[in-house]
Amino acid sequence: MNASVIGVAMVALAITPLAVPSAAAASGAPVAAQWLTQPTPGIPRTPDGNPDLAAPAPRAPDGKPDLSGLWNKVSPKYSRNIAADLAPDDIQPWAQALVEQRREDLSRDYMNVKCVPLGPGYATSAESTGAEMMKIVQTPGLILILNPDLTYRQIFLDGRELESAPNPTWMGYSVGRWDEDTLVVESFGFNDRTWLDHDGHPHTEGLRMTERYRRRDFGNLELEVTLSDPGAYTRPWTMAVHAELAADTEMIEWVCNDSSHGVERWVGRASDERKREVQVAPEILAKYVGTYGEQPPFWRTNPRVVEITLENGRLVGDMDGRGKVPLIASSETGFSGLYGLGIEFIQGGSGGLFVKHVSGNYRFERK
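Because the structure is a prediction, the values reported are computed rather than measured. (Residues numbered from 1 in each chain as written. Predicted model: local features only at pLDDT ≥ 70, side-chain atom pairs only at ≥ 80, totals over all residues. Heavy atoms only, no water.)

J.: I'd love a proper account of the sheet that holds strand S5 (residues 173-179), names of residues and values included.
T.: If you trace the nine strands once around the closed barrel, you get S1-S2-S3-S4-S5-S6-S7-S8-S9, paired in mixed fashion. Recorded for the sheet is a direction-independent mean angle of 30° between the axes of neighbouring strands. One ladder, built from five bridges, connects strand S3 (residues 142-146) with strand S4 (residues 152-156); its direction is antiparallel. Across the sheet, Leu 144 pairs through a bridge with Gln 154, a residue of S4. (Pairing = 2+ DSSP bridges. Helix = DSSP H or I, 4+ residues; strand = E, 2+ residues; numbered from the N terminus. Axes fitted to C-alpha atoms, helices over the stretch in contact; angles between N-to-C directions.)

Here's what the structure looks like:
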(Lines give C-alpha, C1' and ligand atoms only; values in the text may rest on other atoms or scores of the structure.)
Protein backbone atom coordinates (compact mmCIF):
# COMPACT_ATOMS: atom_id res chain seq x y z
CA MET A 1 0.00 0.00 0.00
CA ASN A 2 1.17 3.54 -0.74
CA ALA A 3 2.73 4.96 2.45
CA SER A 4 0.74 8.18 2.11
CA VAL A 5 -2.49 6.21 2.39
CA ILE A 6 -1.24 4.44 5.51
CA GLY A 7 -0.26 7.76 7.07
CA VAL A 8 -3.84 9.01 6.94
CA ALA A 9 -4.88 6.24 9.32
CA MET A 10 -2.03 7.12 11.68
CA VAL A 11 -3.25 10.68 12.07
CA ALA A 12 -6.80 9.46 12.54
CA LEU A 13 -5.62 7.42 15.53
CA ALA A 14 -3.56 10.23 17.02
CA ILE A 15 -6.33 12.79 16.77
CA THR A 16 -9.52 11.01 17.64
CA PRO A 17 -10.28 7.34 18.11
CA LEU A 18 -13.97 8.09 17.62
CA ALA A 19 -13.79 8.60 13.88
CA VAL A 20 -11.48 6.54 11.67
CA PRO A 21 -11.89 7.38 7.98
CA SER A 22 -11.02 4.85 5.34
CA ALA A 23 -7.88 5.57 3.33
CA ALA A 24 -9.85 6.27 0.15
CA ALA A 25 -12.36 8.52 1.88
CA ALA A 26 -9.72 10.42 3.82
CA SER A 27 -7.74 11.23 0.70
CA GLY A 28 -10.84 12.74 -0.89
CA ALA A 29 -10.70 11.10 -4.32
CA PRO A 30 -11.31 7.67 -5.86
CA VAL A 31 -8.23 5.49 -5.63
CA ALA A 32 -8.45 4.67 -9.34
CA ALA A 33 -7.90 8.34 -10.18
CA GLN A 34 -4.66 8.76 -8.24
CA TRP A 35 -2.20 6.92 -10.53
CA LEU A 36 -1.31 4.56 -7.69
CA THR A 37 -0.37 1.88 -10.23
CA GLN A 38 0.90 4.15 -12.99
CA PRO A 39 4.04 2.59 -14.56
CA THR A 40 7.06 4.84 -14.22
CA PRO A 41 8.40 5.42 -17.75
CA GLY A 42 12.02 4.98 -18.75
CA ILE A 43 13.24 2.96 -15.77
CA PRO A 44 15.24 -0.30 -15.98
CA ARG A 45 13.19 -3.44 -15.51
CA THR A 46 13.88 -7.10 -14.89
CA PRO A 47 12.80 -9.72 -17.46
CA ASP A 48 9.52 -10.19 -15.57
CA GLY A 49 8.71 -6.49 -15.90
CA ASN A 50 9.40 -5.40 -12.33
CA PRO A 51 11.55 -2.31 -11.62
CA ASP A 52 15.22 -3.29 -11.48
CA LEU A 53 16.15 -1.49 -8.25
CA ALA A 54 19.67 -2.98 -8.32
CA ALA A 55 20.50 -1.41 -11.70
CA PRO A 56 23.24 1.25 -11.81
CA ALA A 57 22.33 4.70 -10.52
CA PRO A 58 21.49 7.11 -13.36
CA ARG A 59 23.47 10.21 -14.27
CA ALA A 60 22.17 13.67 -15.13
CA PRO A 61 23.19 15.35 -18.42
CA ASP A 62 25.91 17.28 -16.54
CA GLY A 63 27.47 14.01 -15.39
CA LYS A 64 26.38 14.31 -11.77
CA PRO A 65 24.39 11.50 -10.10
CA ASP A 66 20.68 11.99 -10.76
CA LEU A 67 18.74 11.84 -7.49
CA SER A 68 15.42 12.51 -9.20
CA GLY A 69 12.50 10.28 -8.33
CA LEU A 70 9.83 9.47 -5.79
CA TRP A 71 11.44 8.08 -2.62
CA ASN A 72 9.88 6.27 0.32
CA LYS A 73 11.83 6.66 3.57
CA VAL A 74 11.89 3.28 5.33
CA SER A 75 13.99 4.15 8.41
CA PRO A 76 11.49 5.18 11.12
CA LYS A 77 13.93 5.06 14.06
CA TYR A 78 14.58 8.80 14.28
CA SER A 79 11.10 9.93 13.32
CA ARG A 80 9.95 8.99 16.81
CA ASN A 81 13.15 9.71 18.76
CA ILE A 82 15.82 11.88 17.15
CA ALA A 83 17.99 11.36 20.25
CA ALA A 84 17.94 7.55 20.13
CA ASP A 85 21.74 7.46 19.84
CA LEU A 86 22.45 10.20 22.38
CA ALA A 87 23.40 9.81 26.02
CA PRO A 88 21.31 11.69 28.62
CA ASP A 89 24.14 14.17 29.18
CA ASP A 90 24.13 15.06 25.47
CA ILE A 91 20.78 16.86 25.90
CA GLN A 92 20.62 20.19 27.70
CA PRO A 93 18.47 19.95 30.88
CA TRP A 94 15.91 22.49 29.66
CA ALA A 95 15.48 20.54 26.40
CA GLN A 96 14.95 17.21 28.21
CA ALA A 97 12.43 18.81 30.56
CA LEU A 98 10.49 20.11 27.55
CA VAL A 99 10.45 16.64 25.99
CA GLU A 100 8.96 15.18 29.17
CA GLN A 101 6.32 17.90 29.31
CA ARG A 102 5.31 17.32 25.69
CA ARG A 103 4.97 13.59 26.32
CA GLU A 104 2.81 14.24 29.36
CA ASP A 105 0.61 16.53 27.24
CA LEU A 106 0.10 13.72 24.70
CA SER A 107 1.91 15.70 21.98
CA ARG A 108 -0.99 18.11 21.55
CA ASP A 109 1.32 20.70 20.01
CA TYR A 110 2.94 18.38 17.48
CA MET A 111 3.21 19.94 14.02
CA ASN A 112 0.73 17.56 12.38
CA VAL A 113 -1.80 18.60 15.02
CA LYS A 114 -1.15 22.30 14.52
CA CYS A 115 -1.08 21.86 10.72
CA VAL A 116 2.31 23.51 10.33
CA PRO A 117 5.40 22.19 8.49
CA LEU A 118 7.76 19.73 10.17
CA GLY A 119 10.78 21.89 9.31
CA PRO A 120 14.09 20.05 9.79
CA GLY A 121 12.15 16.95 10.85
CA TYR A 122 11.36 16.07 7.23
CA ALA A 123 14.90 14.78 6.70
CA THR A 124 14.56 11.98 9.25
CA SER A 125 10.80 11.41 9.26
CA ALA A 126 9.28 8.14 8.15
CA GLU A 127 5.86 6.74 9.08
CA SER A 128 4.79 10.39 9.49
CA THR A 129 1.85 11.52 7.44
CA GLY A 130 2.95 14.10 4.90
CA ALA A 131 6.67 13.29 5.30
CA GLU A 132 7.20 9.59 4.64
CA MET A 133 7.63 10.21 0.91
CA MET A 134 9.64 12.83 -0.95
CA LYS A 135 9.87 13.64 -4.63
CA ILE A 136 13.25 14.97 -5.73
CA VAL A 137 13.37 17.16 -8.85
CA GLN A 138 16.95 17.85 -9.94
CA THR A 139 18.32 20.52 -12.24
CA PRO A 140 21.96 21.67 -12.56
CA GLY A 141 21.45 24.77 -10.40
CA LEU A 142 18.54 23.84 -8.14
CA ILE A 143 17.10 20.75 -6.47
CA LEU A 144 13.51 20.70 -5.22
CA ILE A 145 12.19 18.29 -2.60
CA LEU A 146 8.39 17.98 -2.58
CA ASN A 147 6.35 16.39 0.22
CA PRO A 148 2.78 15.01 0.20
CA ASP A 149 1.64 17.75 2.62
CA LEU A 150 2.46 20.38 -0.04
CA THR A 151 5.63 21.66 1.63
CA TYR A 152 8.80 22.00 -0.40
CA ARG A 153 12.51 22.71 -0.05
CA GLN A 154 14.78 24.58 -2.42
CA ILE A 155 18.44 23.50 -2.45
CA PHE A 156 20.51 26.01 -4.41
CA LEU A 157 23.53 24.67 -6.31
CA ASP A 158 24.58 28.01 -7.84
CA GLY A 159 27.46 28.67 -5.46
CA ARG A 160 25.69 31.04 -3.09
CA GLU A 161 26.62 31.07 0.60
CA LEU A 162 24.20 30.69 3.50
CA GLU A 163 23.48 34.03 5.12
CA SER A 164 24.87 34.36 8.63
CA ALA A 165 21.69 35.89 10.09
CA PRO A 166 18.71 34.81 7.96
CA ASN A 167 15.09 35.54 8.77
CA PRO A 168 13.95 32.27 10.44
CA THR A 169 11.41 30.24 8.45
CA TRP A 170 9.65 26.89 8.80
CA MET A 171 11.83 25.14 6.22
CA GLY A 172 15.05 27.12 6.61
CA TYR A 173 17.48 27.84 3.78
CA SER A 174 19.60 25.27 1.96
CA VAL A 175 22.62 25.29 -0.33
CA GLY A 176 24.26 22.26 -1.89
CA ARG A 177 27.46 21.11 -3.50
CA TRP A 178 28.78 17.88 -4.95
CA ASP A 179 31.52 15.93 -3.19
CA GLU A 180 32.29 13.46 -5.99
CA ASP A 181 29.07 11.39 -6.17
CA THR A 182 27.60 12.65 -2.89
CA LEU A 183 25.31 15.69 -2.63
CA VAL A 184 26.18 17.70 0.49
CA VAL A 185 23.43 20.06 1.69
CA GLU A 186 23.92 22.72 4.38
CA SER A 187 20.78 24.22 5.99
CA PHE A 188 20.29 27.05 8.46
CA GLY A 189 17.63 29.57 9.47
CA PHE A 190 14.91 27.32 10.93
CA ASN A 191 12.47 28.90 13.35
CA ASP A 192 12.29 27.23 16.76
CA ARG A 193 8.59 26.35 16.66
CA THR A 194 9.06 22.87 15.22
CA TRP A 195 10.05 19.66 17.00
CA LEU A 196 12.85 17.44 15.73
CA ASP A 197 10.73 14.31 16.23
CA HIS A 198 7.39 13.05 17.46
CA ASP A 199 8.70 12.70 21.03
CA GLY A 200 9.14 16.47 21.17
CA HIS A 201 12.89 17.11 21.13
CA PRO A 202 13.27 20.86 20.59
CA HIS A 203 15.83 22.95 18.78
CA THR A 204 16.88 26.58 18.83
CA GLU A 205 17.19 28.99 15.93
CA GLY A 206 20.91 28.21 16.00
CA LEU A 207 20.29 24.73 14.57
CA ARG A 208 22.43 23.76 11.59
CA MET A 209 21.73 20.67 9.52
CA THR A 210 24.09 18.90 7.12
CA GLU A 211 22.77 16.19 4.81
CA ARG A 212 24.74 13.84 2.57
CA TYR A 213 22.73 12.13 -0.19
CA ARG A 214 24.18 9.17 -2.11
CA ARG A 215 22.27 7.09 -4.65
CA ARG A 216 24.08 3.79 -4.37
CA ASP A 217 22.07 2.17 -7.18
CA PHE A 218 18.86 2.78 -9.07
CA GLY A 219 16.51 1.94 -6.22
CA ASN A 220 18.33 2.90 -3.01
CA LEU A 221 19.16 6.31 -1.59
CA GLU A 222 21.38 6.64 1.48
CA LEU A 223 21.14 9.79 3.58
CA GLU A 224 23.28 10.93 6.50
CA VAL A 225 21.87 13.78 8.60
CA THR A 226 24.07 15.68 11.04
CA LEU A 227 22.48 18.11 13.51
CA SER A 228 24.39 20.74 15.45
CA ASP A 229 22.63 22.95 17.99
CA PRO A 230 24.80 23.94 20.97
CA GLY A 231 21.88 25.74 22.59
CA ALA A 232 20.00 22.46 23.08
CA TYR A 233 22.56 19.65 22.69
CA THR A 234 26.13 19.36 23.91
CA ARG A 235 27.51 17.84 20.71
CA PRO A 236 26.60 17.30 17.04
CA TRP A 237 25.37 13.84 16.03
CA THR A 238 24.74 11.97 12.81
CA MET A 239 21.87 9.69 11.81
CA ALA A 240 21.54 7.30 8.87
CA VAL A 241 18.30 7.22 6.88
CA HIS A 242 17.52 4.83 4.04
CA ALA A 243 15.03 5.49 1.24
CA GLU A 244 13.79 3.18 -1.49
CA LEU A 245 12.54 4.24 -4.91
CA ALA A 246 8.73 4.18 -5.06
CA ALA A 247 8.35 3.03 -8.65
CA ASP A 248 5.07 2.66 -10.55
CA THR A 249 3.09 4.90 -8.23
CA GLU A 250 2.64 8.56 -7.28
CA MET A 251 2.30 10.58 -4.09
CA ILE A 252 -1.13 11.23 -2.68
CA GLU A 253 -1.82 14.79 -1.62
CA TRP A 254 -2.47 15.14 2.09
CA VAL A 255 -3.62 18.51 3.41
CA CYS A 256 -3.57 18.69 7.20
CA ASN A 257 -6.05 21.52 7.77
CA ASP A 258 -8.54 20.06 5.30
CA SER A 259 -9.97 17.70 7.94
CA SER A 260 -11.76 17.97 11.27
CA HIS A 261 -9.28 17.06 13.98
CA GLY A 262 -11.56 16.81 16.98
CA VAL A 263 -8.85 18.27 19.20
CA GLU A 264 -11.54 19.19 21.72
CA ARG A 265 -11.77 15.45 22.55
CA TRP A 266 -8.02 15.14 23.02
CA VAL A 267 -8.07 15.28 26.79
CA GLY A 268 -6.09 13.90 29.69
CA ARG A 269 -2.40 13.35 30.37
CA ALA A 270 0.02 10.57 29.55
CA SER A 271 0.35 9.74 33.24
CA ASP A 272 -3.41 9.03 33.49
CA GLU A 273 -2.78 5.62 31.94
CA ARG A 274 -0.82 4.51 34.98
CA LYS A 275 -3.88 5.01 37.18
CA ARG A 276 -5.43 1.94 35.55
CA GLU A 277 -2.25 -0.13 35.52
CA VAL A 278 -2.55 -3.68 36.82
CA GLN A 279 0.20 -5.67 38.52
CA VAL A 280 1.49 -8.71 36.65
CA ALA A 281 3.56 -11.41 38.35
CA PRO A 282 7.29 -11.25 37.53
CA GLU A 283 7.33 -14.86 36.31
CA ILE A 284 4.69 -13.98 33.70
CA LEU A 285 6.54 -10.86 32.56
CA ALA A 286 9.74 -12.87 32.19
CA LYS A 287 8.04 -15.14 29.63
CA TYR A 288 7.58 -12.19 27.26
CA VAL A 289 11.25 -11.16 27.10
CA GLY A 290 12.68 -11.62 23.63
CA THR A 291 13.00 -10.24 20.10
CA TYR A 292 9.97 -10.32 17.82
CA GLY A 293 9.88 -9.92 14.03
CA GLU A 294 6.87 -8.65 12.08
CA GLN A 295 5.05 -11.14 9.86
CA PRO A 296 3.29 -10.44 6.53
CA PRO A 297 1.37 -8.38 5.68
CA PHE A 298 3.81 -5.72 6.81
CA TRP A 299 2.97 -2.20 8.00
CA ARG A 300 5.60 -0.81 5.63
CA THR A 301 8.02 -2.17 3.03
CA ASN A 302 10.44 -3.68 5.56
CA PRO A 303 9.35 -5.75 8.59
CA ARG A 304 9.65 -4.10 11.98
CA VAL A 305 11.42 -5.61 14.97
CA VAL A 306 10.32 -5.24 18.61
CA GLU A 307 12.68 -6.06 21.46
CA ILE A 308 11.09 -6.71 24.85
CA THR A 309 13.24 -6.61 28.00
CA LEU A 310 12.50 -6.72 31.72
CA GLU A 311 14.00 -3.87 33.72
CA ASN A 312 13.31 -3.15 37.39
CA GLY A 313 10.24 -5.37 37.38
CA ARG A 314 8.66 -3.68 34.32
CA LEU A 315 8.49 -4.67 30.65
CA VAL A 316 10.29 -2.29 28.33
CA GLY A 317 9.80 -2.15 24.56
CA ASP A 318 12.07 -0.93 21.76
CA MET A 319 10.94 -0.96 18.14
CA ASP A 320 13.63 -0.65 15.45
CA GLY A 321 16.06 0.96 17.88
CA ARG A 322 13.91 4.04 18.45
CA GLY A 323 14.57 3.98 22.17
CA LYS A 324 13.32 2.03 25.17
CA VAL A 325 9.87 2.87 26.54
CA PRO A 326 8.14 1.36 29.60
CA LEU A 327 5.02 -0.71 28.89
CA ILE A 328 1.92 -0.33 31.04
CA ALA A 329 -0.09 -3.47 31.80
CA SER A 330 -3.86 -3.45 31.39
CA SER A 331 -4.03 -7.25 31.86
CA GLU A 332 -1.65 -10.19 32.00
CA THR A 333 -1.35 -10.13 28.20
CA GLY A 334 -2.28 -6.56 27.21
CA PHE A 335 0.07 -3.58 27.43
CA SER A 336 0.18 0.00 26.17
CA GLY A 337 2.91 2.59 25.84
CA LEU A 338 4.80 1.48 22.70
CA TYR A 339 4.97 4.95 21.10
CA GLY A 340 1.20 5.26 21.26
CA LEU A 341 0.60 1.66 20.15
CA GLY A 342 -0.70 -1.31 22.12
CA ILE A 343 0.78 -4.78 22.53
CA GLU A 344 -1.02 -8.06 23.11
CA PHE A 345 1.10 -11.13 23.85
CA ILE A 346 0.00 -14.43 22.33
CA GLN A 347 -0.33 -17.36 24.69
CA GLY A 348 0.66 -20.91 23.78
CA GLY A 349 2.82 -22.32 21.02
CA SER A 350 6.03 -20.47 20.26
CA GLY A 351 4.52 -17.23 21.50
CA GLY A 352 4.45 -13.93 19.72
CA LEU A 353 2.66 -10.64 19.98
CA PHE A 354 0.32 -8.29 18.17
CA VAL A 355 1.16 -4.61 17.75
CA LYS A 356 -2.28 -2.99 17.84
CA HIS A 357 -3.12 -0.04 15.60
CA VAL A 358 -6.24 1.62 14.26
CA SER A 359 -5.56 -0.04 10.89
CA GLY A 360 -5.43 -3.50 12.44
CA ASN A 361 -3.37 -5.88 14.56
CA TYR A 362 0.07 -6.68 13.17
CA ARG A 363 1.49 -10.06 14.17
CA PHE A 364 5.08 -10.48 15.36
CA GLU A 365 6.74 -13.85 15.99
CA ARG A 366 9.50 -14.47 18.51
CA LYS A 367 12.89 -14.85 16.86
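So, next bit.
J.: Outline the pairing of strand S2 (residues 133-138), listing residues and values.
T.: Pairing geometry for strand S1 (residues 69-73) and S2, over four bridges, is antiparallel. Across the sheet, the residue bridging to Asn 72 is Met 133, located in S2. Note that S2 and S3 share four bridges and pair antiparallel. Within the sheet, the bridge partner assigned to Ile 136 lies in S3 and is Ile 145. Where S2 folds back on S3, the antiparallel hairpin that results is connected by three residues.

J.: Can you lay out the state of the cysteines for me, pointing to particular residues and giving the numbers?
T.: Scanning all chains against the criterion turns up one disulfide. The side chain of Cys 115 participates in a disulfide bridge whose partner is Cys 256; the two sulfur atoms lie 2.2 Å from each other. Between Cys 115 and Cys 256, the S-S dihedral sits near -75°, and the bridge is therefore left-handed. Taken as a pair, Cys 115 in the loop between helix H5 (111-114) and S2 and Cys 256 in the loop between strand S9 (237-245) and helix H6 (282-287) lie far apart in primary sequence, 141 residues in all. By relative accessible area, which is 24% here, Cys 115 ends up partly exposed. (Disulfide = S-S within 2.5 Å. Buried < 20%, exposed > 50% of the residue type's maximum accessible area, 1.4 Å probe, protein only.)

J.: For the nonpolar core, give the residues involved together with the corresponding values.
T.: Core analysis: the largest hydrophobic core is formed by 37 residues, its most contacted members being Ile 82, Ile 136, Leu 183, Tyr 213, Leu 221 and Leu 227. Elements with a minimum of two residues in this core: S2, S3, strand S6 (182-188), strand S7 (208-217), strand S8 (220-228) and S9. When residues no more than four places from it in sequence are discounted, the contact partners of Ile 136 are Leu 67, Ser 68, Gly 69, Trp 71, Ile 143, Leu 144, Ile 145 and Leu 221. By size, the runner-up hydrophobic cluster in this structure holds 23 residues, among which are Leu 315, Leu 341, Tyr 362 and Phe 364. (Core = buried A, V, L, I, M, F, W, Y, C linked by side-chain atoms within 4.5 Å. Contact = heavy atoms within 4.5 Å.)

J.: How would you summarise the sheet that holds strand S11 (residues 305-311) if you had to cite specific residues and measurements?
T.: Pairing between the strands of a sheet is mediated by backbone hydrogen bonds and can be parallel or antiparallel. What the nine strands build is an open sheet, ordered S13-S12-S11-S10-S18-S17-S16-S15-S14; its pairing is antiparallel. Edge positions in the sheet fall to strand S13 (325-326) and strand S14 (328-329), since each of these pairs with one other strand and no more. The pairing of strand S10 (residues 290-294) with S11 spans four bridges and is classified as antiparallel. Counted as the bridge partner of Thr 291 is Glu 307 from S11.

J.: So, the environment of Met 319: which residues are in play, and what are the values?
T.: Inspection of the secondary structure puts Met 319 in strand S12 (residues 314-319). For the pair Met 319 and Val 305, spaced 14 residues apart in sequence, the C-alpha to C-alpha distance is 5.6 Å.

J.: I'd like to hear about unusual backbone geometry, residue by residue, with values.
T.: Of note, the amide linkage connecting Pro 296 to Pro 297 takes the cis form, showing an omega dihedral of -5°. As for its placement among the helices and strands, Pro 297 is situated in the loop between S10 and S11. Notably, Asp 248 is not glycine yet its phi reads approximately 60°, a positive angle. Note that Asp 248 resides in the loop between S9 and H6. Phi is positive for Asn 312, which is not a glycine, with a value near 55°. Asn 312 gets classed as exposed once you look at its relative accessible area, which sits at 84%.

J.: Residue-level account of helix H4 (residues 93-104), with values.
T.: In a regular helix each residue adds 1.5 Å, so twelve residues correspond to 16 Å; H4 covers 17 Å between its end C-alpha atoms and thus fits that length. Among the residues of H4, those classed as buried are Ala 95, Val 99 and Arg 102. Down the axis of H4, the buried side of the element spans an arc of 70°, and every buried residue falls inside it. Just past H4, the residue Leu 106 takes up positive phi, approximately 60°. (Expected span 1.5 Å × (residues − 1). Arc of directions from axis to C-beta.)

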